[in-house]
Amino acid sequence: MNTVAVIDYGMGNLHSVAKALEHVPGDHQVVVTSDAGQILAADRVVLPGVGAMRDCMGELKRLKLDTVVKQVADSGRPLLGVCVGMQAMLECSAENGGVECLGLFSGTVEPFGTDLRDPLNGQHLKVPHMGWNQVDQTMPHPMWKDILPDTRFYFVHSYYVQPAGPEPVAGSVVYGFPFVAAIAKENIFAVQFHPEKSAQAGLQLYANFVTWDGQA
Amino acid sequence: MGLAKRIIPCLDVDNGRVVKGVQFVDIRDAGDPVEVAKRYDEQGADEITFLDITASSDNRETMVHVVEEVAGQVFIPLTVGGGIRTVEDIRRMLNAGADKVGINTAAVFNPEFVREAADRFGSQCIVVAIDAKCVSDSSQGNGENKRWEIFTHGGRKPTGIDAIEWAKKMVDYGAGEILLTSMDRDGTKIGFDLELTRAVSDAVTVPVIASGGVGELKHLAEGVTEGRADAVLAASIFHFGEHSIEEAKRAMAAAGVEVRL
């Protein structure tokens, strides 16, 4: 049987992620765990995350899971980052006065700030960016299988990732300006939105993940 | 192209059962929160809000199970409000699968609770619910001197607190979203209090959900176009099978509002 480990480091949405993974077809077994051995033994690994980056990275380090995530990334096994889990994969985040992150991708995590405006009419845009927005699939990828172009996914975040170069960008979204909704590199795929809260489209993404071989 | 305005059906839950007579022609058990939530999900609801109206604290545990059941089968954001008074209440709801919790009366009695909750769980899951009532209209028509005050206990108890100032304060304290209900309009079916909605929406940096008064589909679009709300919440218009969420979205789209279809 193939196993999917959802990394449990006390940050919020992991149960929703696990429930969505359990809901999609397949013979996979879902384990929610903070045990390094279980994570390293799993066929696929999800790094979820909700809340503040300081707490996320603090807990990952306290549980010594930062090195475990890096090991998974190096192992070639499929690794999926979700929301703050994605942001944690960059080098550092501006949140909480600056937090050093995992560095699986070159680049930073930046705030929307309080003066985000719609370029068309100058109107203030609310932060967090909360709700269903259209994702442009900027790179063909097995994780986008059977998901239509410009499908809406559910977002809720006040910070966004800014990779150092365009190479890893797999999806983009517009809210005031275009920014990154998904990044991919070899066996890693990561999304800013919440597939576990994105109805059918999100379940399809998880269905794709449980069958993905980690090859782009 | 861009962020869609959200339609949120609200379900009142009493001791684990959906009340206020939700009616669907082809539903097996209209009192089952899972069945009702699944139906709204299929119709394209953008989120679902559960309001726990259970009077007895003994029955609060039931709500946790409701959330667990729904979250295992419905994969859109879930908000739970009603009786959220402690950090432990929030933790239990989030662990059960809720994405956000609505805090109302407890915030009025102890604003620091909102700060503590946002610090602990993140602003994204803290919705502050505000029940507002118009308390003066000395302008007699031009609306410039209108004032709204917040009320607690289901709109029964006045607090003397200005609704707009309160909304701003709650955002400063860490609220990630405001659920704004007009007590003057709630149950009237004559539409949102658009002046109130616009005043609050313009005053805060976070999304505002308009609530109270929806009786026709056109009211939903008005909440966005005139009230400048980011989301609209309604109950009876959907529950009694008068309109589906899909119809509501088509009506909003026809009025020029971007929705998820």
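Further up the page is the structure itself.
Please read all numbers here as calculations on a predicted model, not as lab measurements.

### As for the sheet that holds strand S1 (residues 3–7) of chain A
All names here are of chain A.
Right, on to step 1. Overall, mixed pairing links the 7 strands, which are arranged S2-S1-S3-S4-S13-S12-S11 in an open sheet. In this open sheet, the two strands that pair with only one neighbour each are strand S2 (29–33) and strand S11 (169–175). Going across the sheet, the axis of each strand differs from the next one's by a mean of 20°, ignoring polarity.
Right, on to step 2. Where S1 lies against S2, 5 bridges are found, and the strand directions are parallel. When the sheet's bridge partners are listed, valine 6 is paired in S2 with valine 32.

### Comments concerning the interface of chain B and chain A
Right, on to step 1. On the chain A side, the residues contacting the 35 residues of chain B number 28 residues.
Right, on to step 2. For the pairing of chain B and chain A, the buried interface totals around 2,600 Å² over both sides, and the portion due to carbon and sulfur atoms is 57%.
Right, on to step 3. A per-residue breakdown of the area chain B buries against chain A is headed by Leu3, Phe75 and Gln124 of chain B, which together make up 29% of the total.
Right, on to step 4. Here chain B is connected to chain A by 3 salt bridges.
Right, on to step 5. We note a salt bridge from lysine 126 of chain A to aspartate 230 of chain B, for which the minimum N-O separation is 3.3 Å.
Right, on to step 6. At the surface where chain B touches chain A, the tally comes to 16 residue pairs in polar contact (both at pLDDT 80 or more).
Right, on to step 7. If you list the elements that add at least two residues to the side of chain B that touches chain A, you get helix H2 (60–71), helix H3 (87–96) and helix H5 (112–121) of chain B.
Right, on to step 8. The residue makeup of the side of chain B that touches chain A, split by class, is 15 nonpolar, 8 polar and 12 charged.

### Concerning the nonpolar core
Right, on to step 1. By size, the foremost hydrophobic cluster in this structure holds 84 residues, and its most contacted members are Ile48, Ile90, Ile103, Ile126, Ile178 and Leu220 of chain B.
Right, on to step 2. Those residues in contact with isoleucine 103 of chain B, other than ones at most four positions away along the chain, are Ile84, Ile90, Phe113, Ala117, Ile126, Val127, Val128 and Ala129 of chain B.
Right, on to step 3. With 82 residues, the next largest nonpolar core counts Ala18, Val82, Tyr160 and Ala170 of chain A among its residues.

### Description of the side chain of arginine 6 of chain B
Right, on to step 1. Assignment of secondary structure puts arginine 6 of chain B in strand S1 (residues 6–14).
Right, on to step 2. A distance of 2.6 Å separates polar atoms of two side chains, one belonging to arginine 6 of chain B and the other to glutamate 47 of chain B.
Right, on to step 3. When near neighbours in sequence (up to four residues on either side) are disregarded, arginine 6 of chain B contacts Met130, Gly131, Trp132 and Tyr154 of chain A together with Asp46, Glu47, Lys100, Glu177, Pro207, Asp230, Ala231 and Val232 of chain B.

### Points about the sheet that holds strand S5 (residues 92–93) of chain A
Residue and element names in this part refer to chain A.
Right, on to step 1. The strand order S6-S5-S7-S10 describes an open sheet built from 4 strands, whose pairing is mixed. A single partner strand is all that each edge strand has here, and the edge strands are strand S6 (99–100) and strand S10 (159–163).
Right, on to step 2. Pairing between strand S7 (residues 107–111) and S10: 5 bridges, direction antiparallel. Following the sheet pairing, threonine 108 is matched in S10 by glutamine 162.

### A closer look at H3 of chain B
Right, on to step 1. When H3 of chain B is considered as a whole, its buried residues turn out to be Val87, Asp89, Ile90, Met93, Leu94 and Ala96 of chain B.
Right, on to step 2. Elements in contact with the buried residues of H3 of chain B: helix H1 (14–23) of chain A together with H2, strand S4 (78–81), strand S5 (100–103), H5 and strand S6 (126–136) of chain B.
Right, on to step 3. Phi turns positive, to about 125°, at glycine 97 of chain B, one or two residues after H3 of chain B.

Cut-off values and rules
- Residues numbered from 1 in each chain as written.
- Chains lettered and ligands numbered in written order.
- Predicted model: local features only at pLDDT ≥ 70, side-chain atom pairs only at ≥ 80, totals over all residues.
- Heavy atoms only, no water.
- Pairing = 2+ DSSP bridges.
- Helix = DSSP H or I, 4+ residues; strand = E, 2+ residues; numbered from the N terminus.
- Axes fitted to C-alpha atoms, helices over the stretch in contact; angles between N-to-C directions.
- Contact = heavy atoms within 4.5 Å.
- Buried area = accessible area lost by both parts, 1.4 Å probe.
- Salt bridge = Lys/Arg side-chain N within 4 Å of Asp/Glu carboxyl O.
- Polar contact = N/O pair within 3.5 Å; in protein donor to acceptor, adjacent residues only side chain to side chain.
- Nonpolar A, V, L, I, M, F, W, Y, C, P; charged D, E, K, R; others polar.
- Core = buried A, V, L, I, M, F, W, Y, C linked by side-chain atoms within 4.5 Å.
- Buried < 20%, exposed > 50% of the residue type's maximum accessible area, 1.4 Å probe, protein only.

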